[in-house]
Amino acid sequence: MPRVLLIEDDPSVREGIGLGLRRRGHEVRTASTGEAGLAAIGEFRPDLLLLDLMLPGMNGVQVCRRVREAGQLPIIMLTARGDDFDVVVGLEAGADDYIVKPARTEVIEARIRAVLRRIEEPAGRAAVEFHGDLAIDRAGLNVAKAGERMALAPSELKLLLYLSAAPEQVFSRQQLLEHVWEHSYHGDARLVDACVRRLRNKIEDQPGSPRYIQTVRGFGYRFGPL
């Protein structure tokens, strides 16, 4: 079972989520501050981070950025409200998903599994595909640009693999939410849009004029010409 690090300053929330996940077999480490959580990552080596957005001192956004600078640990952000500004800032900082508190343990468990689930590719596809200077290794789940390996967060990698599996096909945001994130926020495109922006900043020469991840205005996104 995945090892989960929970950074949450509210003792009752911290105890409730921790207890619920432990009952489902997870090994859980908790921290009440961002500083303590960052220190625990190297010692505990979690498979996933549950990160409260509103932390005292170093807030969740700052923690998220620090984690992303150091590696690609999957991050699910916890927020007390679905406020546009808070959620978008957290997603732009590198979170893979978000959950609005309070949330049932089974919902949190489902999101954890969705973020960590290994991507299954159809049999018969080439292990490595080349699109211009972009190399996508589907078997190894690696992406390289001009020979340099890209460090992609889980949601970024899943999105790129899904779009590039059907070049030129246009996918709506709702389709991407259902197939990449494996759940649906009806009418909420923030997860998709934030992930697209982060991915473009990593793989595009000119993120403002993208070659690979193209916007089809009024419809959604597609993987561009080879």
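Computed from a predicted model, the values in this text were never measured in an experiment.

A short note on the sheet that holds strand β10 (residues 171-172)
Alright, step 1. If you walk across this open sheet you meet the three strands as β10-β12-β11, and the pairing is antiparallel. Of all strands in the sheet, those with a lone pairing partner are β10 and β11 (213-216), marking the two edges.
Alright, step 2. The sheet contact formed by β10 and strand β12 (residues 220-223) spans two bridges and is antiparallel. In the sheet register, S172 faces β12, and the bridge partner there is G220.
Alright, step 3. Most of the contacts of helix α8 (residues 190-203) go to β11, to which it runs at about 140 degrees, and overall it touches β11 and β12.

Observations regarding helix α6 (residues 154-164)
Alright, step 1. With 10 of its 11 residues buried, α6 lies for the most part within the structure.
Alright, step 2. Buried within α6 are the following residues: P154, S155, E156, L157, K158, L159, L160, L161, L163 and S164.

Focus on the side chain of H26
Alright, step 1. Relative to the helices and strands, H26 is located in the loop between α1 (11-23) and β2 (27-31).
Alright, step 2. Within the structure, H26 has its side chain in polar contact with the side chain of E109 (distance 2.5 Å).

Remarks on the nonpolar core
Alright, step 1. One finds I7, L49, L51, L159, L160, L176 and I213 to be the most contacted residues of the largest nonpolar core, which totals 50 residues.
Alright, step 2. For this core, the leading source of residues is α8, giving seven residues.
Alright, step 3. Excluding residues within four positions of it along the chain, L51 makes contact with I7, G60, V63, C64, I75, I76, M77 and L78.
Alright, step 4. Counting 13 residues, the second-largest nonpolar core is a separate cluster that includes V4, V28, I99 and I108.

Parameters and conventions
Residues numbered from 1 in each chain as written. Predicted model: local features only at pLDDT ≥ 70, side-chain atom pairs only at ≥ 80, totals over all residues. Heavy atoms only, no water. Pairing = 2+ DSSP bridges. Helix = DSSP H or I, 4+ residues; strand = E, 2+ residues; numbered from the N terminus. Contact = heavy atoms within 4.5 Å. Axes fitted to C-alpha atoms, helices over the stretch in contact; angles between N-to-C directions. Buried < 20%, exposed > 50% of the residue type's maximum accessible area, 1.4 Å probe, protein only. Polar contact = N/O pair within 3.5 Å; in protein donor to acceptor, adjacent residues only side chain to side chain. Core = buried A, V, L, I, M, F, W, Y, C linked by side-chain atoms within 4.5 Å.

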